Every structure is written in C-alpha cells, then in structure tokens.
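# Survey of secondary and tertiary structure
Residue-level listing of the chains:
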Amino acid sequence: MLKIQYISHSAFLLSDGENTIAIDPFITGNPTSPLVQEDVNANYIVLTHAHGDHFGDTTAIATRNSSTVIAVNELADYCAKQGMNAHNMHIGGSYKFPFGKLKFTQALHGSSNSEGQYMGSPAGVVLELGGKKIYHCGDTGIFGDMKLIGELDKIDIMIVPIGGNFTMDIDDAVKAVEMVNPDLAIPIHYNTWPIIEADPAKFVKKVEAIGKKAREMKFGEEISF
Ligand code: NI
Ligand code: MN
C-alpha cells in the first residue's frame, strides 16, 4: 500500500502505513500549503536540495519527530550540525532503508542554504515505498540522462516540475516524461507564486497526447495506490 499526499509546491508525504517520508517539506511561508508544519509528522525526511522552498520546515519536523533526514553529504552534514539525525548519501548512490531502496539522481540546479552557504549538489530521488517506485525530480532543467534513469528503474510514479523559470516548463516536462516513461506523472512546482504560474491541466493533456498518463493532484489531496 502506498499513500501519497501532495502538500503543494515540491512537498509530499508518502506512507506505506508503517513509514512516513516527507519530501521537501516547505510549509511555513508556502502560500499554497493547506497544512501547517505542526500537522506534519514523518520518520524520514528526504531533501532534494537546500533552497528554502525545499528545506522548508525540516528542522521543526525532524526535531519533533526525531526523523532521519536523508540528503546529499554536504546538506546532511549541515542538518547533523543543527542536531538532527542525518543519513549522508550522494548522487548515484543507493541505500536499502527499512522502507525500501533509495537512490539520489542528478538534477541540473543549484543548492545553497538561506545564508548562501554551498550545500552540495542538488538532486532528484528514486525511492521504493509500498511496492511502488517513485522518481521525484527535485528542481531541475531537462537532461538527456533522464532516459537512463527510466531504463535503470521502472518508474511507477514520476513527480515532475512544470512551473518554468527555476525548473522545466510544461513542454520540457512532457519531454522528460517521455524519456523516463513512468506509469503516471504528477506535476509539481507551479502556482506557488506568479513567477512559476503554469496550468497543470495543460500538462496532463500534453502528456496524454504522447500516450502517457498524468494526473493533477490538488494541494493537500491524498491518493492511495
Ligand atoms: Ni531550488
Ligand atoms: Mn524550488
């Protein structure tokens, strides 16, 4: 069983009933989040990179839940220095956690914290949970090796940014879906602010036009697989 809740922006809660994973839990200061950070409990937090709209409420959630923060080495070290439990990994490395295997992938982006400190490479993540394989692209521009990511792992659910300006726009995201070839694509990183305005229905239509499946998740919506 896999339950997915889309908090909004890049933030998700994933659960198999036993383990709950928060990805990029940006809630406080996120104008589209229907939740408050106090609502969010997770025993793992996965961070794609350190930008404020992804690191978000990591400190509060991790401290309250004694969560393990999974991130690339530099960012994980930073979390450990703040007193959090951290699991250091890096791009291309995978590790078998109690919930399943998790691997960080390349992302074309930056990663610094709110003080401007370098926090290692930005990343995407491929993780197994509840019998499904999920690829959360993080913040990224399109790159040809997305095809390889889809060849190495049969992706069930691809979580893909469509908002442009900082990441892929709809057209690049559709091409990315074509390369990765997931069973289902879910659009993210749009409409949080006017600068990343995009129409998720348009993305869904364009993905369907190439014979693939996509689904918009409303902010706060939960679906089970
Ligand atoms: Ni970013
Ligand atoms: Mn972002």
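Look up: the structure comes first, before these words.
Throughout what follows, the structure given in this document is the object of discussion.

Basis of the calculations
- Residues numbered from 1 in each chain as written.
- Chains lettered and ligands numbered in written order.
- Predicted model: local features only at pLDDT ≥ 70, side-chain atom pairs only at ≥ 80, totals over all residues.
- Heavy atoms only, no water.
- Donors = N, O, S within 2.8 Å, 3.2 Å for Na, K, Ca; no water.
- Tetrahedral: all angles 85-135°; square planar, octahedral: opposite > 155°, others 65-115°.
- Helix = DSSP H or I, 4+ residues; strand = E, 2+ residues; numbered from the N terminus.
- Buried < 20%, exposed > 50% of the residue type's maximum accessible area, 1.4 Å probe, protein only.
- Phe/Tyr/Trp six-rings, centres within 6.5 Å; stacked < 30°, edge-to-face > 60°.
- Contact = heavy atoms within 4.5 Å.
- Polar contact = N/O pair within 3.5 Å; in protein donor to acceptor, adjacent residues only side chain to side chain.
- Pairing = 2+ DSSP bridges.
- Axes fitted to C-alpha atoms, helices over the stretch in contact; angles between N-to-C directions.
- Core = buried A, V, L, I, M, F, W, Y, C linked by side-chain atoms within 4.5 Å.
- Salt bridge = Lys/Arg side-chain N within 4 Å of Asp/Glu carboxyl O.

Donor atoms from the polypeptide that bind the nickel ion (ligand 1) are His49 (NE2), His51 (ND1), His109 (NE2) and Asp139 (OD), placed at 2.2 to 2.3 Å. Coordination geometry of the nickel ion (ligand 1): the four donor atoms subtend angles of 89 to 177° at the metal centre, consistent with an arrangement described as irregular. Motif for the nickel ion (ligand 1), donor spacing along one chain: H-x1-H-x57-H-x29-D. The distance between the nickel ion (ligand 1) and the manganese ion (ligand 2) comes to 3.3 Å, with Asp139 serving as a donor to both metals. One end of the pair, His49, is in the loop between strand E4 (44-46) and helix H1 (52-55); the other, His109, is in the loop between strand E8 (100-106) and strand E9 (123-129), and 60 residues separate them in sequence. Classification of His49 by relative accessible area gives buried; the value is 0%. By relative accessible area, which is 26% here, His109 ends up partly exposed.

Attention now moves to the packing of aromatic side chains. A complete count under the given rule lists nine aromatic pairs for this structure. With centroids separated by 4.7 Å and ring planes inclined at 25°, the aromatic side chains of Tyr6 and Phe12 adopt a geometry described as stacked. Side by side, Tyr6 and Phe12 carry an identical accessibility label, which is buried. Ring pairing ties together the aromatic residues Tyr6, Phe12, Tyr190 and Phe219, which thus form one cluster.

Another aspect to go through is the environment of Thr140. Positionally, Thr140 belongs in the loop between strand E10 (132-136) and helix H4 (146-152). Each C-alpha atom of the pair Thr140 and Val160 lies 8.9 Å from the other, and the pair is 20 residues apart in sequence. Setting aside anything within four residues of it in sequence, one finds Thr140 in contact with Ala107, Leu108, Met146, Pro161, Thr167 and Met168. Among the polar contacts made by the side chain of Thr140, one reaches the main-chain amide nitrogen of Leu108 at a distance of 2.7 Å.

Across the sheet, which stays open at both edges, the seven strands sit in the order E6-E5-E4-E3-E2-E1-E13 with mixed pairing between neighbours. A strand with exactly one partner marks an edge of an open sheet, and here the two such strands are strand E6 (85-89) and strand E13 (222-224). Taking the axes of each pair of neighbouring strands and ignoring which way they run, one obtains an average angle of 20° across the sheet.

The subject of this paragraph is the nonpolar core. Phe12, Leu14, Leu75, Leu102, Tyr135 and Phe203 are the most contacted members of the largest nonpolar core, which totals 75 residues. No other element matches helix H5 (residues 170-180), which puts seven residues into this core. Those residues in contact with Phe203 that lie beyond four places of it in its chain are Val160, Ile162, Ile170, Ala173, Val174, Val177, Ala185, Pro187 and Ala214.

On to the coordination of the manganese ion (ligand 2). Only Asp53 (OD), His54 (NE2), Asp139 (OD) and His189 (NE2) from the protein coordinate the manganese ion (ligand 2), and they sit 2.1 to 2.2 Å from it. Sequence positions of the residues that donate to the manganese ion (ligand 2) give the spacing D-H-x84-D-x49-H.

Further remarks concern the pattern of salt bridges. Overall, the coordinates contain eight salt bridges when judged by the stated rule. The salt bridge involving Lys175 is made with Glu178; its shortest N-O contact spans 3.4 Å. Of this pair, Lys175 and Glu178 both sit in helix H5, three residues apart, which is roughly one turn of the helix. You can call Glu178 partly exposed: its relative accessible area is 44%. Among the ionic contacts, a cluster of salt bridges with common partners joins Glu128, Lys133 and Asp153.

By themselves these figures say nothing about function.
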